[in-house]
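Summary of structural features
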Amino acid sequence: MLAVSAEGPSWRISAEPAGAAEAALHEAAGRDGQGGLEALAAVSRRYPASAVAGLARLTAGLRLLDQRRHAEAVAELSHPDVQRTILRDHALYATARAQ
């Protein structure tokens, strides 16, 4: 039988925000509805031209796509900041789904 420490398995990767920008993104991504979209927009404005801004826009775009707000989704997913992330292929796939 394996014993697991109180802290959890040692092989798990921690997803703790590294810095204020990531903390702001984490908080905004945890909000639902229109308030969540507004919080993500605020993060992208506060940290322009960064991967955090790109992730905020990608998240907003995916949520808009789920809400069938295709034109708005494409605008978020095609923003240049999304290209600063390593998830730009997800944005490309989501953009294709929106059209």
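The following refers to the structure shown. If you're wondering where the values come from, they're calculated on a predicted model, not measured in any experiment.

1. Observations regarding the packing of helix H3 (residues 51-66) against helix H4 (residues 70-77)
At their nearest, the axes of H3 and H4 sit 8 Å apart, and the two run at 165° to each other. By the criterion of interaxial angle, the relationship of H3 to H4 is roughly antiparallel. Taken as a pair, H3 and H4 cross one another with a handedness that is left-handed. Only His70, Glu72, Ala73, Glu76 and Leu77 of H4 make contact with H3, whose side of the interface consists of Arg57, Leu58, Ala60, Gly61, Leu62, Leu64 and Leu65. For the contact of H3 with H4, the class distribution of residues is 7 nonpolar, 2 polar and 3 charged.

2. Brief notes about the nonpolar core
The nonpolar side chains of a soluble globular protein tend to be buried, and buried together. Residues Leu25, Leu40, Val43, Tyr47, Val52 and Leu77 are the most contacted members of the largest nonpolar core, which totals 21 residues. At the level of secondary structure, the elements contributing two or more residues to this core comprise helix H1 (20-29), helix H2 (33-46), H3, H4 and helix H5 (88-98). Ranked by the residues each element gives to this core, the list is headed by H3, at 6 residues. With sequence-adjacent residues up to four places away left out, leucine 77 is seen in contact with Leu58, Gly61, Leu62, Val82, Ala91, Ala94 and Thr95.

3. Structural notes on the environment of alanine 51
Examined against the element boundaries, alanine 51 turns out to sit in helix H3. Excluding anything up to four places from it in sequence, alanine 51 contacts Arg84 and Thr85.

4. Looking at the side chain of aspartate 81
If you trace the backbone, aspartate 81 turns up in the loop between H4 and H5. The exposure class of aspartate 81 is buried, given its relative accessible area of 7%. In this structure aspartate 81 touches Pro48, Ala49, Ser50, Ala53, Gly54 and Arg57, once residues within four positions along its chain are discounted.

5. So, the pattern of salt bridges
Close approach of charged atoms lets side chains of opposite charge pair. The tally for this structure, following the rule as stated, stands at 3 salt bridges. For the salt bridge of arginine 57 with glutamate 76, the shortest nitrogen-to-oxygen distance reads 3.0 Å. Placement of arginine 57 in helix H3 and of glutamate 76 in helix H4 is noted, with a sequence separation of 19 residues between them. With a relative accessible area of 16%, arginine 57 lands in the buried category. The salt bridge involving arginine 69 is made with glutamate 72; its shortest N-O contact spans 2.9 Å.

Conventions adopted
Residues numbered from 1 in each chain as written. Predicted model: local features only at pLDDT ≥ 70, side-chain atom pairs only at ≥ 80, totals over all residues. Heavy atoms only, no water. Axes fitted to C-alpha atoms, helices over the stretch in contact; angles between N-to-C directions. Helix = DSSP H or I, 4+ residues; strand = E, 2+ residues; numbered from the N terminus. Parallel < 35°, antiparallel > 145°, perpendicular 65-115°, else oblique. Left-handed = near helix turned anticlockwise from the far one by under 90°. Contact = heavy atoms within 4.5 Å. Nonpolar A, V, L, I, M, F, W, Y, C, P; charged D, E, K, R; others polar. Core = buried A, V, L, I, M, F, W, Y, C linked by side-chain atoms within 4.5 Å. Buried < 20%, exposed > 50% of the residue type's maximum accessible area, 1.4 Å probe, protein only. Salt bridge = Lys/Arg side-chain N within 4 Å of Asp/Glu carboxyl O.

Honestly, that's just the spatial picture; any functional story needs more than this.
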